[in-house]
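What follows is each chain in one-letter form.
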2 protein chains.
Amino acid sequence: MTVEPDWIAVDWGTSHARAWAMSGEAVLAEGAPGPGMGTLSPDGFAPALARMIDGWRITPEIPVVACGMVGAKQGWHDAGYRTVPATPLPDRLARVPADIALHIVPGLSQTAPADVMRGEETQIAGFLALNPDFDGAICLPGSHSKWVQISAGEVVSFRTMMTGELFAALSRETILRHSVGEGWDDAAFAEAVSETLSRPEALAARLFSIRAEGLLAGLSPGAAQARLSGLLIGAELAAAKPYWLGMPVALIGAATLAGRYATALEMQGLQVVRTRGEALTLRGLTAALGSTKGNTA
Amino acid sequence: MTVEPDWIAVDWGTSHARAWAMSGEAVLAEGAPGPGMGTLSPDGFAPALARMIDGWRITPEIPVVACGMVGAKQGWHDAGYRTVPATPLPDRLARVPADIALHIVPGLSQTAPADVMRGEETQIAGFLALNPDFDGAICLPGSHSKWVQISAGEVVSFRTMMTGELFAALSRETILRHSVGEGWDDAAFAEAVSETLSRPEALAARLFSIRAEGLLAGLSPGAAQARLSGLLIGAELAAAKPYWLGMPVALIGAATLAGRYATALEMQGLQVVRTRGEALTLRGLTAALGSTKGNTA
């Protein structure tokens, strides 16, 4: 059966790329996985996309709407940033120079404190399309977790925490690699979250205690992993407190990681709404499609 | 000229090893540099030491006094830990099984909060040999910075902060590697120290702002390095505040790094005494020699 999309949705991040053949809001097919922006030079994007959507019947007029690092300075085309406060998507999405009808969603930036996002704005747009009256905080956990303040359909402010990258670097590249391993311990996680959330200054000292307790007290690799995760998520929640304190919180992310954040936030007495990221990206790209009409390169 | 030592001093750490031919407190010669504990299996230490001291005239009775990771579980021989509060060195240093008269200084451990040190206890002993009346805090900056409370010649308590390893992992293994580079900026360092010392919960969010300011505001690689260093040292000082607040502080370490700590501590109105680590290690090993007399394997 030939795939004949009306338009093509593309989520192109640092480490991977995905494309969907779309008909309105419906997914007709998913393309082959593609290489992330991190491994491509600017002239590598067009052939990579061609391989991802190989076999689909398309014309040069079919809109291709992409979000993520594909729009970074080192990406296919620099889509720039829009400064907050702002709606997550622009009213009008410019077509960028390419042999196809390519539109790339710009990122969001914040002047003070300096911050940037690229890709998450599309998930936020998808969330707001489904929850137009949401006022509160959106948390998108990940390598670079984002905390986003939403009011009246706009991103008012946001902060990025490098929690995921810190976890990976600490558990792989430091002496903690000898202590952290497979497994989990709910109690160790909860205790560690409370510790750095209530005493964020303890973080620097508590990290090494994971190693010391491994040597002296037989801390298991799974409990060590749970404690490291808890210490870092607790530190993130301490930094993000102005976002979540007394506010509705929506969590957007993969099941395991978002589950940890939900546990940590529920320990603070919060009600947390959880949504999966992939569906929101597609919903956000669908919303972005509406901003492409009539635009030319 | 033949080197004829009375005894041999050895500083054997994770990444390198050094040996000195000694006559009492005087250094007769320094041996060839040797491999660190991290690259050796237990039966590799004896031949490695033989190469380091090749050409020296020694007998099997000449004491060899070693400190550092050579005494770890994965080292030449597990020298164990002594629990604080304790003097930095034991009254009696046991000879360990070897074809030479080898004595390894044990490390120090703390039960709660769990912590360990191995090697630093010898530098502390050297410092106290030179400053027997010192009461206050000793800071040994490094990959694993140590903060040590000294009273009446004893180590009362200590904490390890992974500041140096965190700096290396963040500046090499995360997105900050695109922003951090050569150079320095005193003002950026001072501002960052103040920030995380006064608001330690800001650390998680401030790390990514180094990247964001690189993208949006042209933060230079040198200013980025100074800021990363300042944020982490400020977080360390926040965690170590019970050690240094209102106390005399002695800094033991290499010139550049100890200089940064001195700057950060002097910003808090403290008087800081600085000493170089190498001389203290030799002084401490000399003190340890006095604990070897009459001991046999």
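That block above? That's the structure.
As the structure is a prediction and not an experimental result, all values here were calculated from the model.

## So, unusual backbone geometry
Trans is the common state for peptide bonds, and a negative phi is the common state for residues other than glycine. The step from Val84 of chain A to Pro85 of chain A runs through a cis peptide bond, and the omega angle for that step is 0 degrees. Positionally, Pro85 of chain A belongs in the loop between strand S6 (81-83) and strand S7 (101-104). Going from Ala112 of chain B to Pro113 of chain B, the amide bond is cis rather than trans, its omega being -5 degrees. Tracing the backbone shows Pro113 of chain B in the loop between strand S8 (107-110) and strand S9 (115-117). A positive phi angle, near 50 degrees, is found at Ala152 of chain A, a position not held by glycine. When you line up the elements, Ala152 of chain A lands in the loop between strand S11 (145-151) and strand S12 (154-161). When its relative accessible area of 67% is taken as the criterion, Ala152 of chain A is described as exposed.

## So, the interface of chain A and chain B
Between chain A and chain B, the contact holds 40 residues from the first and 39 residues from the second. Here chain A packs against chain B, burying approximately 3200 Å² in sum over the two surfaces, 74% of which is carbon and sulfur. Three residues, Met162, Phe208 and Leu216 of chain A, lead the burial of chain A against chain B; their summed loss comes to 19% of the area buried on that side. There are 4 residue pairs in polar contact (both at pLDDT 80 or more) connecting chain A and chain B. Of all the secondary-structure elements, those providing two or more residues to the side of chain A that touches chain B are strand S8 (107-110), strand S9 (115-117), S12, helix H3 (163-173), helix H5 (203-217) and helix H6 (221-239) of chain A. Ranked by residues supplied to the side of chain A that touches chain B, first place goes to H5 of chain A with 12 residues. The residue inventory of the side of chain A that touches chain B, partitioned by class, reads 23 nonpolar, 7 polar and 10 charged.

## Regarding the relation of the copies chain A and chain B
There are two copies of the chain, and a rotation about an axis plus a shift along that axis relates them. Laying chain A over chain B is done by rotating through 180 degrees and shifting 0.1 Å along the axis; what remains is an RMSD of 0.1 Å. Both copies of the chain, as the preceding transformation shows, are related through a two-fold rotation axis. In this assembly, 98% of the residues forming the interface of chain A have copies in chain B that are likewise at the interface, indicating an isologous arrangement.

## Re helix H1 (residues 45-52) of chain A
When we look at burial in H1 of chain A, the residues that qualify are Phe45, Ala48, Leu49 and Met52 of chain A. Projected onto a plane normal to the axis of H1 of chain A, the buried residues spread over an arc of 100 degrees and lie on a single side.

Conventions we followed
Residues numbered from 1 in each chain as written. Chains lettered and ligands numbered in written order. Predicted model: local features only at pLDDT ≥ 70, side-chain atom pairs only at ≥ 80, totals over all residues. Heavy atoms only, no water. Helix = DSSP H or I, 4+ residues; strand = E, 2+ residues; numbered from the N terminus. Buried < 20%, exposed > 50% of the residue type's maximum accessible area, 1.4 Å probe, protein only. Contact = heavy atoms within 4.5 Å. Buried area = accessible area lost by both parts, 1.4 Å probe. Polar contact = N/O pair within 3.5 Å; in protein donor to acceptor, adjacent residues only side chain to side chain. Nonpolar A, V, L, I, M, F, W, Y, C, P; charged D, E, K, R; others polar. Least-squares fit on C-alpha atoms with pLDDT ≥ 70 in both. Arc of directions from axis to C-beta.

Note that all results are geometric; they support no functional claim without further evidence.
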